[in-house]
Amino acid sequence: MSNAPSDQHASTLAATFLKGQARKANRPLGLSIALAFASGVLLIVQMAVLAHVISAVLTNNAGLDDVSFPLAILPVLFVLRGGLSYFSERLALNAAIDLKHQLRGELLSQLLAKGPIVVRGSEQSIGERVTMLTDGIEALEGYFARYLPAMVMMVMLPFAILAVTLSLDWLSALVMVVTAPFIPFFMILIGKGTERLNQKQWRKLARLSAHFLDIVEGLTTLKLFNASKREAETVTRMADSYRRTTMSVLRVAFLSSLVLEFFATVSIAMIAVFIGFRLLYGEIDFFSGFYVLLLAPDFYLPLRQMGTHYHARMEAIGAAGKMVDLIGEDSAPAPTFEPQSLPRHTQGIAIECRDVSYAYPDGSLALDRISFSLGAGQNLALVGHSGAGKSTLLDLLLGLIQPTSGQILINGIDLARLPVDAWRQQLAYIPQRPTLLAGTILEAIRYGAPEASMEAVISAAKAAQLHGFISQLDDGYEHRLNEKGKGISGGQIQRVAIARALVRNAPLVLLDEPSAHLDPDNEQKLQQALEVLHKNATTLTIAHRLHFIRHADQILHLDKGQIAESGTHEGLMARNGLYASLVQSLFDEEAHRD
Ligand code: ADP
């Protein structure tokens with residue numbers, strides 16, 4: 001119970017968020033409610049006509065001729081009400097679909113705007129995000145399409161019926177006024193319990209999806225460790241726990257409906273008994289009594305329906321909580337000063353870091369006052385143990401994160417002043433495990449430069465030692481790859497990424513060298529491909545291969561976020577310090593492999 005107040009706060013935020021969303025569809029939702037209300041008013045008229053016909057026939061001995069006009073009106077009213085209800089529901093449903101569509105787009109662009117660092121560092125797992133964007137958004141439909149209209153109807157229709165009843169029979173109106181508040185009262189009481197259960201159910205579903213995604217992605221590991229049976233049991237256990245929570249939500253929902261139905265039925269029975277006695281003693285005329293009796297169930301109907309729709313609200317609030325979290329997370333601060341621009345495809349890119357520090361949102365200092373400069377066309381090798389801050393430095397240069405303090409100067413201009421899109425046009429990035437999307441090899445190579453000519457693609461493929469392999473394929477450059485590059489080897493995926501960078505002809509290349517060991521043939525091809533890349537541009541490489549490290553113009557040895565040593569291979573070897581021991585261990589490793 002200790003987190004109850006924060007749960008409460010989260011629910012309030014989620015409810016405000018949902019209301020804000022609904023406001024975007026004010027018009028269609030408003031129209032839908034107006035149509036539903038019109039249909040309600042027609043119902044009151046229809047009941048009046050019906051009561052009139054029956055009372056005329058029963059008490060005034062009227063013939064068919066006397067009631068032929070009202071009898072003819074009845075079917076018209078039926079059809080009209082049906083039409084109004086149909087259009088009202090359609091409008092509400094379409095509005096909900098539009099809202100879901102918009103919201104899904106908004107959330108996706110939020111995710112994209114935040115970039116991979118915030119997304120990766122966030123508490124929400126990928127699985128949770130997928131659940132939020134799929135099931136989560138779907139869970140809002142009931143709220144927009146049913147709960148909101150029902151909520152307004154609950155206020156409007158009973159009041160209209162009460163007004164008519166009051167004009168005919170004050171006693172029945174009194175029963176209605178006294179009994180009606182019990183229904184929302186009990187509903188809120190029960191709803192509080194459901195709210196907590198619903199949030200629990202939602203959390204379990206998200207956890208289940210996250211776990212399932214992990215399992216699918218880690219299928220190889222599972223098989224290797226012979227753990228599939230164990231994981232299957234875990235999933236069964238999680239699914240069972242989700243089932244139990246779902247059942248308890250349903251149990252509360254059914255029980256609450258039962259209580260509400262019971263109250264409504266008892267109240268209608270009371271009205272009926274009062275009317276019956278007074279009819280017996282002639283204290284009320286038949287028309288009024290019968291009319292009120294016909295209207296009574298419809299007085300309670302919107303209140304009873306609220307019980308069902310309240311459930312939709314709870315579900316939506318549970319789902320919206322995650323969306324509020326996403327929107328509330330910190331995103332990269334926008335530059336506060338006038339952007340400047342680099343001429344497109346400048347001759348070369350020189351980089352200077354001045355006292356650059358970076359702390360992750362959780363407070364861990366990944367880079368601590370780093371300073372270095374790299375001339376245009378030079379190659380820099382970043383070395384250091386895992387966790388030294390190498391990837392963080394690359395992420396800073398990619399513009400995915402901004403320095404906590406210090407400056408990165410690009411040809412003398414502060415990187416923070418450069419519009420990030422324009423900056424990224426100047427660079428090519430090759431991650432350790434490049435992502436290839438499903439499509440042809442040609443599309444994969446052209447990914448960063450869709451306008452590149454076929455000659456440029458072939459020359460890049462040749463430089464990346466890929467052309468020979470592609471020419472041997474039946475469909476050559478049109479060869480289709482499945483998602484994640486399935487269909488070609490890991491070494492080839494690396495070289496497609498290099499060809500992709502070469503086609504871009506970017507003046508700066510950021511490279512996270514593959515650390516996995518390749519077979520000698522692939523290794524040699526990769527080496528040659530990288531050499532072409534290094535010749536053409538300024539490069540900053542997280543280096544794992546002795547060959548490149550040794551030939552780099554400058555080596556930065558990072559340790560715990562600081563530059564432990566820097567210089568050229570010869571200079572650093574002469575020092576016989578940290579770097580020399582790193583080289584020795586790489587040398588031993590490579591010799592051992594050969
Ligand atoms: P390297 O690339 O040299 O292995 P990183 O740049 O990945 O090192 O990490 C530097 C430090 O920052 C490490 O201590 C690591 O734990 C921390 N770190 C990396 N990513 C995050 C993150 N998303 N949130 C918090 N700390 C992080």
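Just so we're clear, the structure is a prediction, and the values are computed from it rather than from any experiment. (Residues numbered from 1 in each chain as written. Predicted model: local features only at pLDDT ≥ 70, side-chain atom pairs only at ≥ 80, totals over all residues. Heavy atoms only, no water.)

Enquirer: Whenever I open this one, the sheet that holds strand β4 (residues 405–410) confuses me. Can you help?
Expert: Either a parallel or an antiparallel arrangement is found when strands of a sheet pair, and the pairing is made through backbone hydrogen bonds. What the four strands build is an open sheet, ordered β2-β1-β4-β5; its pairing is antiparallel. Two strands in the sheet have a free side with no partner beyond their single neighbour: β2 (365–374) and β5 (413–414). Bridge count between strand β1 (residues 351–359) and β2: six bridges; the pairing is antiparallel. Within β2, the position partnered with Ala359 by the bridge is Leu365. (Pairing = 2+ DSSP bridges. Helix = DSSP H or I, 4+ residues; strand = E, 2+ residues; numbered from the N terminus.)

Enquirer: Would you mind showing me how to read the sheet that holds strand β6 (residues 427–430) here?
Expert: Across the sheet, which stays open at both edges, the six strands sit in the order β6-β9-β10-β3-β11-β12 with mixed pairing between neighbours. Unpaired on one side and paired on the other, β6 and β12 (562–567) mark the two borders of the sheet. Going from strand to strand, the sheet's axes swing by 15° on average, the running direction of each strand aside. (Axes fitted to C-alpha atoms, helices over the stretch in contact; angles between N-to-C directions.)

Enquirer: Can you walk me through the packing of aromatic side chains in this structure?
Expert: How two aromatic rings sit relative to each other is set out by the distance from centre to centre and by the angle between their planes. Here the structure, examined in full by the defined rule, presents nine aromatic pairs. Taking the centre distance of 5.5 Å and the plane angle of 10° together, the rings of Phe286 and Phe290 count as stacked. Of this pair, Phe286 and Phe290 both sit in helix α10 (residues 286–328), four residues apart, roughly one helical turn. Ring geometry for Phe287 and Tyr291: centres 5.6 Å apart, planes at 35°, overall tilted. Of this pair, Phe287 and Tyr291 are both found in helix α10, four residues apart, which corresponds to roughly one turn of the helix. (Phe/Tyr/Trp six-rings, centres within 6.5 Å; stacked < 30°, edge-to-face > 60°.)

Enquirer: Just checking my understanding: could you explain the packing of helix α5 (residues 141–168) against helix α6 (residues 170–179) for this structure?
Expert: In a pair of packed helices, the angle between the axes and the distance between the axes together describe the arrangement. Viewed as axis vectors pointing N to C, α5 and α6 meet at an angle of 145°, and their least axial separation amounts to 6 Å. For the pair formed by α5 and α6, the contact residues are Leu162, Thr165, Leu166 and Leu168 on the first element and Trp170, Ser172, Ala173, Met176 and Val177 on the second. When the residues that make up the contact of α5 with α6 are grouped by side-chain class, the tally is seven nonpolar, two polar and no charged. (Contact = heavy atoms within 4.5 Å. Nonpolar A, V, L, I, M, F, W, Y, C, P; charged D, E, K, R; others polar.)

Enquirer: Explanation requested: the nonpolar core in the structure shown.
Expert: Generally speaking, soluble globular proteins have nonpolar side chains that are buried together. With 67 residues, the main nonpolar core has Leu18, Leu107, Leu140, Phe144, Ile271, Tyr300 and Met323 as its most contacted residues. Top element by residues in this core is α10. It accounts for 18 residues. The residues touching Tyr300, leaving out its near neighbours within four places in the chain, are Val175, Met176, Thr179, Ala180, Ile183, Ala264, Ser267, Ile268 and Ile271. In this structure, Ala464, Leu481, Leu530 and Ala537 belong to the second largest nonpolar core, which totals 36 residues. (Core = buried A, V, L, I, M, F, W, Y, C linked by side-chain atoms within 4.5 Å. Buried < 20%, exposed > 50% of the residue type's maximum accessible area, 1.4 Å probe, protein only.)

Enquirer: Mind showing me how you'd approach a nonpolar patch on the surface here?
Expert: On the surface, Leu166, Trp170, Leu174, Val178 and Phe182 cluster together into a nonpolar patch covering about 540 Å² of accessible area. No other element matches α6, which puts three residues into the nonpolar patch. As for its placement among the helices and strands, Phe182 is situated in helix α7 (residues 182–217). Residue Phe182 is classed as partly exposed on the basis of its relative accessible area of 37%. (Patch = residues over 30% accessible without salt bridge, like charges linked within 9 Å, V, L, I, M, F, W, Y side chains within 5 Å. Areas by Shrake-Rupley, 256 points an atom, 1.4 Å probe, with all protein chains shown as cover. Salt bridge = Lys/Arg side-chain N within 4 Å of Asp/Glu carboxyl O.)

Enquirer: What is the right way to look at the domain arrangement of the protein in this model?
Expert: One frequently used descriptor of interface size is the decrease in accessible area upon assembly of the parts. The assigned domain composition of the protein is domain 1 (4–325) and domain 2 (379–403 + 416–593). Summarising the inter-unit geometry, the C-alpha centres of domain 1 and domain 2 are found 56 Å apart. (Domains from an automatic or database assignment.)

Enquirer: Help me understand the UniProt feature "transmembrane region" (unreviewed entry) in the protein, please; the structure alone is not making it clear to me.
Expert: Under the UniProt annotation, "transmembrane region" (unreviewed entry) lies at residues 29–55, 67–87, 147–164, 170–190 and 252–280. Taken end to end, residues 67–87 comprises 95% helix and 0% strand; its first and last C-alpha atoms sit 31 Å apart. In the segment residues 252–280, helix accounts for 100% and strand for 0%; the C-alpha atoms at its two ends are 42 Å apart. (UniProt positions renumbered as here; feature names shortened; annotations may be inferred.)

Enquirer: It is not clear to me how the site of the ligand should be interpreted in this structure. Could you clarify?
Expert: Looking at the ligand, there are 13 residues lining it, with Gly387, Gly389, Lys390, Ser391 and Thr392 nearest. Take Tyr360: an N or O atom from its side chain is 3.4 Å from a nitrogen atom of the ligand. A distance of 3.1 Å separates an oxygen atom of the ligand from a polar backbone atom of Ala388. Contact with the protein chains covers 65% of the free accessible surface of the ligand, which is 560 Å². A total of three residues in the shell around the ligand trace back to one element, the largest contributor, which is helix α11 (residues 390–397). Residues of the shell around the ligand, tallied by class, amount to three nonpolar, eight polar and two charged. (Near = heavy atom within 4 Å. Polar contact = N/O pair within 3.5 Å; in protein donor to acceptor, adjacent residues only side chain to side chain.)

Enquirer: Please explain the pattern of salt bridges as it appears in this structure.
Expert: Pairs can form between side chains of opposite charge once their charged atoms are near each other. As enumerated under the stated definition, the model contains 10 salt bridges in all. The residue Arg278 makes a salt bridge to Asp169 at a minimum N-O spacing of 2.7 Å. Placement of the pair is Arg278 in helix α9 (residues 228–280) and Asp169 in the loop between α5 and α6, with a sequence separation of 109 residues. Each of the two residues, Arg278 as well as Asp169, counts as buried. When the shortest N-O distance is used, the salt bridge between Arg575 and Glu565 registers 3.7 Å. With Arg575 in helix α19 (residues 569–575) and Glu565 in strand β12, this residue pair connects regions lying 10 residues apart in the sequence. Overall, the relative accessible area of 53% leaves Arg575 in the exposed class. Connected through salt bridges with shared partners, the residues Lys100, Arg104, Glu138 and Glu141 form a single ionic network.

Enquirer: What is the right way to read the pairing of strand β9 (residues 508–512) from this model?
Expert: The side chains of a regular strand alternate between the sheet's two faces. Summarising burial for β9: five of the five residues are buried, a large majority. Of the pairings in the sheet, the one linking β6 to β9 comprises four bridges and is parallel in character. Along β9, the bridge assignment pairs Leu427 with Leu508. Relative to strand β10 (residues 538–542), β9 runs parallel, the two being bridged by five bridges. In the sheet register, Leu511 faces β10, and the bridge partner there is Thr541.

Enquirer: Which parts of the structure should I look at to understand a negative patch on the surface?
Expert: Taken together, the side chains of Glu443, Asp474, Asp475 and Glu478 make up a negatively charged region of the molecular surface. Looking at where Asp475 falls in the secondary structure, it is placed in the loop between α15 (467–472) and β8 (480–481). You can call Asp475 partly exposed: its relative accessible area is 39%. (Lys, Arg positive; Asp, Glu negative; His and termini not counted. Charge placed at Lys NZ, Arg CZ, Asp CG, Glu CD.)

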